Amino acid sequence: MLIAYDDGLTAHLAGVPHPERPDRVRVVARELERRGMFGERVDARVARPDEIARVHPAAYIELVRRTCGALEAGDVAQLITGDTDVDAGSYEGAARAVGATLVALEGAVDGRRGAFALVRPPGHHAEPARGMGFCVFNNVAIAARTFAQETGGRALVLDFDYHHGNGTQAATGGGVSFFGTHADPAYPGTGDPRDNRVTAGAAMVNVPIDARGIPTEGFVAIHTRALRALAERVQPRLIVVSAGYDVVAGDPVGDLGVDASFARQMGRLVREIADTYCEGRALFVLEGGYDPQTLAGCVAETILGFEEAVEVDRTDAQSIPARQRALVREVEDAALAGHSL
């Protein structure tokens, strides 16, 4: 798989005690290299303001640039739009994360293949006019919007992070659809399934999961059933994945009790959808996962699952807790009937 990464992605919050620390990507890169999975690595680049502006207004981009530019080395501040910590290197670091995502997007689209953007800071909380959580610019939303605008094809975003991708949801429409699971209750408190809609051009589906946890088989089954149904309805030409691994048991920020083995199943599922609808085009973008060693293993397993091109292990609908099973059935029924929820 094509991997977009370089050491410039460790600049944001370097030397600052923070869960979203440079070792997250550094340790993953080292593990991929150890396993011989780094042979198709490509460098990132700093995204231009006009590229970032496909999702974020110019005033917000300038706010981030100005805030970071005013900081001295070692200083940390919060963006006035929310609760996002930044330092002197954060504007370039966040723009480089967008650039790496766009480099990976180009490789996935032109090569009709899978690509993984190993980036930080993550992006799925970043709404158009404000950073939130650990996110400055929304890498996934920018990639999906870029694809839809430049090709006219539909993009389907899958977000399996512990936290709801509120920023990506805010960017749906115009050929970009969103399907995500998230812990409930949990930050940022969004993702109400009563807002779900299933339409071809702009599906938006959330399946909240009890924050006390879920069996791994049930977690995989939710994604397998709902994603297959949505893909049949949306007919995407690209699948973009907000790959958040903070669902894994023991994660210091998330933890839904899910076993790390789920990562290979997600790789297999995305390969199935990519091959069936997208001529093989799939873009993975790193989101959460805050134990670097566990994260490294999960990223490697996702890539292996995608590359082995075998079916997802059989999952029983009865393994899905009752509330989530009802939501998945609503999605399946709406997708089959071709109408909104």
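Residues numbered from 1 in each chain as written. Predicted model: local features only at pLDDT ≥ 70, side-chain atom pairs only at ≥ 80, totals over all residues. Heavy atoms only, no water.

Each pocket or cavity is described by its volume, and for the largest pocket that value is around 200 Å³. Along the walls of the largest pocket sit R45, E51, R54, L102, L105, E106, V109, D110, T146, F147, E150 and T151, which together make up its complete lining. Contributions of two or more residues to the lining of the largest pocket are made by helix 4 (90–111) and helix 5 (139–151). A total of 5 residues in the lining of the largest pocket trace back to one element, the largest contributor, which is helix 4. Tallied by class, residues from the lining of the largest pocket come to 4 nonpolar, 2 polar and 6 charged. (1 Å grid on protein atoms, 1.4 Å probe; cavity = no way out; pocket = protein on both sides within 12 Å on 5 of 7 lines; lining within 4 Å. Points joined across faces, edges and corners; volume = space filled by probe spheres on them. Helix = DSSP H or I, 4+ residues; strand = E, 2+ residues; numbered from the N terminus. Nonpolar A, V, L, I, M, F, W, Y, C, P; charged D, E, K, R; others polar.)

As a further point, take unusual backbone geometry. The general pattern is negative phi for most residues beyond glycine and trans for most peptide bonds. Of note, the bond from D184 into P185 is cis; its omega dihedral lies within 30 degrees of zero at 0 degrees. The topology assignment puts P185 in the loop between strand 7 (176–184) and strand 8 (204–210). We note that L13 has phi near 55 degrees; this positive angle belongs to a residue other than glycine. Following the sequence through the fold, L13 ends up in the loop between strand 1 (2–4) and helix 1 (23–34).

Let's shift gears to the packing of aromatic side chains. Ring pairs (aromatic) are described by centroid distance and by the angle formed between their planes. The tally for this structure, following the rule as stated, stands at 10 aromatic pairs. Where Y5 meets F38, the ring centres are 6.2 Å apart and the plane angle is 45 degrees; that geometry is what we call tilted. Of this pair, Y5 sits in the loop between strand 1 and helix 1 while F38 sits in the loop between helix 1 and strand 2 (41–42), and the two are 33 residues apart along the sequence. Of the two residues examined, Y5 and F38, each falls in the buried class. Seen in terms of ring centroids, F160 and Y245 are 5.7 Å apart; in terms of plane orientation they differ by 70 degrees. Their pairing is edge-to-face. Remark: Y245 occurs in the loop between strand 9 (238–243) and helix 8 (262–277) and F160 occurs in the loop between strand 6 (155–159) and helix 6 (166–170); sequence separation between them is 85 residues. Of the aromatic side chains, those joined through ring pairs into one cluster are F160, F219, Y245 and F262. (Phe/Tyr/Trp six-rings, centres within 6.5 Å; stacked < 30°, edge-to-face > 60°. Buried < 20%, exposed > 50% of the residue type's maximum accessible area, 1.4 Å probe, protein only.)

Taking 1.5 Å per residue as the helical rise, helix 3 (residues 58–69) with its 12 residues ought to reach 16 Å, and the 16 Å between its terminal C-alpha atoms agrees with that figure. Y60, I61, L63, V64, T67 and C68 are the residues of helix 3 that are buried. In an axial view of helix 3, the angular spread of the buried residues amounts to 155 degrees, which keeps them on one side of the axis. Residues A58, A59 and G69 are exposed on helix 3 and point more than 90 degrees away from its buried face. Residues of helix 3 that are buried in the fold lie against helix 2 (49–52), strand 4 (85–86) and helix 4. (Expected span 1.5 Å × (residues − 1). Arc of directions from axis to C-beta. Contact = heavy atoms within 4.5 Å.)

Ranked by size, the top nonpolar core spans 116 residues in total, and within it F116, F137, Y245 and F262 carry the most contacts. In terms of residue count, the dominant contributor to this core is helix 4 (11 residues). (Core = buried A, V, L, I, M, F, W, Y, C linked by side-chain atoms within 4.5 Å.)

The subject of this paragraph is the side chain of H56. Counting through the fold element by element, H56 comes out in the loop between helix 2 and helix 3. At a separation of 2.9 Å, a polar atom in the side chain of H56 contacts the main-chain carbonyl oxygen of P128. The residues contacting H56, other than those within four sequence positions of it, are I61, A126, E127, P128, V136, F137, N138 and I142. (Polar contact = N/O pair within 3.5 Å; in protein donor to acceptor, adjacent residues only side chain to side chain.)

The buried count for strand 8 comes to 6 of 7 residues, which makes it a mostly enclosed element. Note that strand 7 and strand 8 share 7 bridges and pair parallel. Bridge pairing in strand 8 places T181 opposite V207. (Pairing = 2+ DSSP bridges.)

Moving on, we come to the packing of helix 1 against helix 9 (residues 292–308). Closest axis-to-axis distance for the helix 1/helix 9 pair is 8 Å, and the angle between their directions is 50 degrees. It follows that helix 1 is oblique to helix 9 by the angle criterion. Considering the relative orientation of helix 1 and helix 9, their crossing is right-handed. Across from D23, R24, V27, V28, E31 and L32 in helix 1, the residues of helix 9 making contact are P292, Q293, L295, A296, V299, A300 and I303. Its residues placed into classes, the contact of helix 1 with helix 9 shows 9 nonpolar, 1 polar and 3 charged. (Axes fitted to C-alpha atoms, helices over the stretch in contact; angles between N-to-C directions. Parallel < 35°, antiparallel > 145°, perpendicular 65-115°, else oblique. Left-handed = near helix turned anticlockwise from the far one by under 90°.)

Attention now moves to the confidence of the model for the protein. Averaged over all residues, the pLDDT of the protein is 96; the fraction at 70 or higher stands at 99%. When pLDDT is averaged over each element of the protein, strand 10 (residues 282–286) comes out on top at 99 and helix 10 (residues 322–337) at the bottom at 94. (pLDDT = per-residue confidence, 0-100.)

Let us look at helix 10. Over its 16 residues, helix 10 runs 22 Å from end to end, which matches the ideal 22 Å to within 8%, given 1.5 Å per residue. Taken together, the buried positions of helix 10 are Q324, R325, L327, V328, V331, E332, A334 and A335. If you follow the buried residues of helix 10, they end up packed against strand 8 and helix 7 (216–234). G338 sits one or two residues past helix 10 and shows a positive phi near 75 degrees.

A complete count under the given rule lists 30 salt bridges for this structure. Notably, a salt bridge pairs R130 with E127, separated by 3.0 Å at the nearest N-O pair. A salt bridge links R323 to D184; its shortest N-O distance comes to 3.9 Å. Of this pair, R323 sits in helix 10 while D184 sits in strand 7; the two residues are 139 residues apart in sequence, bridging distant segments of the chain. The exposure class assigned to R323 is partly exposed, which follows from its relative accessible area of 44%. Each of E31, R34, R35, R264, R268, E301, E308 and D313 takes part in a single network of salt bridges with overlapping partners. (Salt bridge = Lys/Arg side-chain N within 4 Å of Asp/Glu carboxyl O.)

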